[in-house]
Amino acid sequence: MARSVTTQRKTLNTLIAWGIGLLIFFPILWTILTSFKTEAQAIADPPVWFFFDWTLENYRVVQERSNYSRFLWNSVIIAGGSTILGMMVAIPAAWSMAFVPSRRTKDILLWMLSTKMLPAVGVLYPIYLIFIKLGLLDSRFGLTIVLMLINLPIMIWMLYTYFKEIPGEILEAARMDGAGLRQEILYVLTPMAIPGIASTMLLNIILAWNEAFWTLNLTAARAAPLTAFIASYSSPEGLFYAKLSAASTMAIAPILIIGWFSQKQLVRGLTFGAVK
Amino acid sequence: MATKASRSAARLMLAPAVILLLGWMLVPLTMTLIFSFQRYLPLRGGFQGWIGFENYTRFVTSSAFWPSVQATLFIVGGVLLITVMLGILLAILLDQPMWGQGIVRILVIAPFFVMPTVSGLVWKNMFMDPNNGLLSHLWRFFGADPIIWLSDASMASIILIVSWQWLPFATLILLTAIQSLDSEQIEAAEMDGASALSRFWHIILPHLARAITIVILIQTIFLLAIFAEIFVTTQGSFGTRTLTYLIYQRVLESQNVGLGSAGGIYAVILANIFALFLMRIVGKNLDR
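Peer 1: Is there a simple way to explain the overall build of chain B in this structure?
Peer 2: A tally of regular secondary structure across chain B gives 13 helices and two strands. Relative to the globule expectation of 19 Å for 288 residues, the C-alpha radius of gyration of chain B, 24 Å, shows a markedly less compact shape. Contacts spanning at least 24 positions in sequence make up 69% of the contacts within chain B whose residues lie at least 6 apart.

Following this line, the structure appears as structure tokens:
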């Protein structure tokens with residue numbers, strides 16, 4: 001039975017919650033609004049809210065002056081590439097631990113988790129040095145590999161918790177019917193695993209897109225993704241609010257949209273399955 | 001029952017992940033460990049001999065060390081306090097019946113998806129700028145002198161920015177935990193005449209204990225490593241140089257790799273202490 005609630009109480013809840021929600025969201029809303037203003041309107045005091053001459057000028061200028069699309073492309077390649085490469089390694093690993101567990105499975109899982117806890121700054125110079133020696137500094141390939149490695153434990157864990165939920169009886173039934181390992185994976189497991197695989201990929205794209213230690217320290221002009229592009233606005237250029245806003249809006253919009261679709265999976269992925 | 005063939009196949013499927021992670025962990029960490037015992041200045045003569053634990057003692061006795069530990073504790077502690085307390089309140093609020101619950105949840109979660117460089121710069125320039133920032137407009141509107149946030153209240157500013165980023169994470173996880181609470185239990189308590197406060201204290205809070213612990217541990221591990229938010233705002237000045245940022249400066253800016261590596265080993269040890277607690281909790285969960 002649902003709790004009975006008075007309309008009055010519900011109205012009050014609604015007002016408070018919307019108020020707080022809008023307050024938390026406000027910096028993002030303000031950034032989006034400012035991106036459509038002129039520079040003069042962007043710093044106006046008192047601030048202008050909705051009634052100004054909406055313009056797309058800033059977006060055009062940002063693209064022309066700093067070749068925004070190249071940074072965007074780098075972000076897409078690095079986030080997408082590290083996700084796809086990571087899944088190629090993570091799916092078999094998670095599959096084997098979920099369906100053919102051994103005595104060491106738990107230790108291996110926990111050890112994998114522990115590699116995620118390694119502070120990046122502790123291995124900054126070695127990675128930097130290896131990158132120089134291998135000619136990977138400021139290359140999309142090098143960054144893709146690093147981001148794949150730092151997110152691999154999360155991918156494996158998340159897939160593992162999803163795979164664990166597939167009932168073992170189904171597998172046994174398939175084996176009884178004479179299905180081989182290949183058929184078992186292809187026709188029984190894959191269809192059931194697709195939702196878990198999709199949400200793992202989404203979470204990983206979010207994490208890789210927003211990663212801002214390695215992307216800042218291992219790239220310069222060629223391979224810099226959007227995180228580094230935005231960081232270049234920490235110069236006085238960032239005082240052109242409308243341009244900064246346009247650049248920021250373009251950098252966060254794709255992930256805001258993906259993120260909203262994967263809120264639930266976020267919890268499972270980031271708590272390593274401890275909260276579902 | 002797994003057959004012998006499927007066992008060896010399973011091992012083969014696990015191997016790439018294990019080898020990659022093993023390499024990713026062992027190779028750079030070993031290098032850091034080796035550098036930490038060397039006098040190693042890449043731009044000023046390179047390798048200049050083995051010096052034992054001198055880097056380790058120099059790192060902790062340098063004048064920058066304790067302030068950086070202090071800054072780290074302030075930021076981690078401050079952000080944890082704010083995000084966990086507000087997160088509990090927000091989670092309870094969002095669990096109440098209301099109109100447009102889904103949309104409010106989206107609004108609250110959104111900051112988590114903003115990349116750190118964007119949130120750092122948007123707050124720094126568009127809100128905290130002493131001349132044109134929105135907060136200074138607000139201060140002037142009330143006839144007050146605007147605060148020069150990132151220099152006069154640098155620590156509070158960084159804590160505010162980072163809390164804004166992490167509040168959604170705490171809220172989302174605590175909300176998920178609250179929603180798993182049996183509503184009949186609350187109803188029963190309500191009928192027994194338990195006040196809202198005692199319901200919170202005796203039913204909701206104990207139920208959330210595990211989720212709160214997880215939020216604290218995971219956030220601590222991430223907060224110890226925050227970098228970009230400081231990189232684009234104060235660059236570590238005005239007392240906001242954390243341990244992570246100090247090591248970064250030693251290694252890449254002043255290129256004293258030996259000294260920075262010793263600092264890196266300290267950071268690894270520190271992170272591992274928290275990681276051990278987290279893994280114990282997560283590990284228990286695996287058995288169920």
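Peer 1: Hey, could you run me through the overall build of chain A in this one?
Peer 2: Across its full length, chain A carries 13 helices and zero strands. Counting from the amino terminus, helix and strand elements in chain A follow one another as α-α-α-α-α-α-α-α-α-α-α-α-α. Computed over the C-alpha atoms, the radius of gyration of chain A is 23 Å, more than 25% above the 19 Å expected from 2.2 N^0.38 for a compact globule of 276 residues. Over its C-alpha atoms, taken along the principal directions, chain A stretches across nearly 75 × 70 × 35 Å. Looking at chain A residue by residue over its 276 residues, the buried ones come to 47%. Sequence-distant contacts, at least 24 apart, represent 79% of the contacts inside chain A between residues at least 6 apart.

Peer 1: How should I be thinking about the interface of chain B and chain A in this particular structure?
Peer 2: Taken together, the contacts link 88 residues of chain B with 87 residues of chain A. Considering each element in turn, the side of chain B that touches chain A owes the most residues, 18 residues, to helix α1 (residues 4-35) of chain B. Of the residues that constitute the side of chain B that touches chain A, the class distribution is 69 nonpolar, 17 polar and two charged.

Peer 1: Could you clarify how one ought to interpret the domain arrangement of chain A in this entry?
Peer 2: When the parts of a complex come together, some accessible area is lost, and that lost area is often used as the size of the interface. Residues and elements named next belong to chain A. Taken domain by domain, chain A comprises domain 1 (7-59) and domain 2 (66-270). For domain 1 and domain 2, the distance between their C-alpha centres works out to 32 Å. Listed as interface residues are eleven residues of domain 1 and, on the opposing side, eight residues of domain 2. Sorting elements by how many residues they give to the side of domain 1 that touches domain 2 places helix α1 (residues 7-34) first, with three residues. For the side of domain 1 that touches domain 2, the per-class residue count stands at four nonpolar, five polar and two charged.

Peer 1: How do you make sense of the packing of helix α3 (residues 65-95) of chain B against helix α8 (residues 154-179) of chain B when you look at a structure like this?
Peer 2: Working note: a packed helix pair is described by the angle between its axes plus the distance between those axes. Residue and element names in this part refer to chain B. Following both chains from N to C, one finds α3 and α8 inclined at 40°, their axes separated by 6 Å at the closest point. It follows from the interaxial angle that α3 and α8 lie oblique. Both α3 and α8 take part in a crossing whose hand is right-handed. Here the residues of the contact of α3 with α8 sort into 21 nonpolar, six polar and one charged.

Peer 1: Where do I start with the confidence of the model for chain B in this structure?
Peer 2: The predicted structure's coordinates, where accompanied by low pLDDT, should not be read in detail. Across chain B, the average pLDDT comes to 88, with 98% of residues at 70 or higher. Both scores are given for the predicted complex: the pTM is 0.89, the ipTM 0.87.

The rules behind the values
- Residues numbered from 1 in each chain as written.
- Chains lettered and ligands numbered in written order.
- Predicted model: local features only at pLDDT ≥ 70, side-chain atom pairs only at ≥ 80, totals over all residues.
- Helix = DSSP H or I, 4+ residues; strand = E, 2+ residues; numbered from the N terminus.
- Rg over C-alpha atoms; globule rule 2.2 N^0.38 Å.
- Contact = placed C-beta atoms within 7 Å.
- Buried ≥ 20, exposed ≤ 12 C-beta atoms within 10 Å, placed from the backbone.
- Nonpolar A, V, L, I, M, F, W, Y, C, P; charged D, E, K, R; others polar.
- Domains from an automatic or database assignment.
- Axes fitted to C-alpha atoms, helices over the stretch in contact; angles between N-to-C directions.
- Parallel < 35°, antiparallel > 145°, perpendicular 65-115°, else oblique.
- Left-handed = near helix turned anticlockwise from the far one by under 90°.
- pLDDT = per-residue confidence, 0-100.

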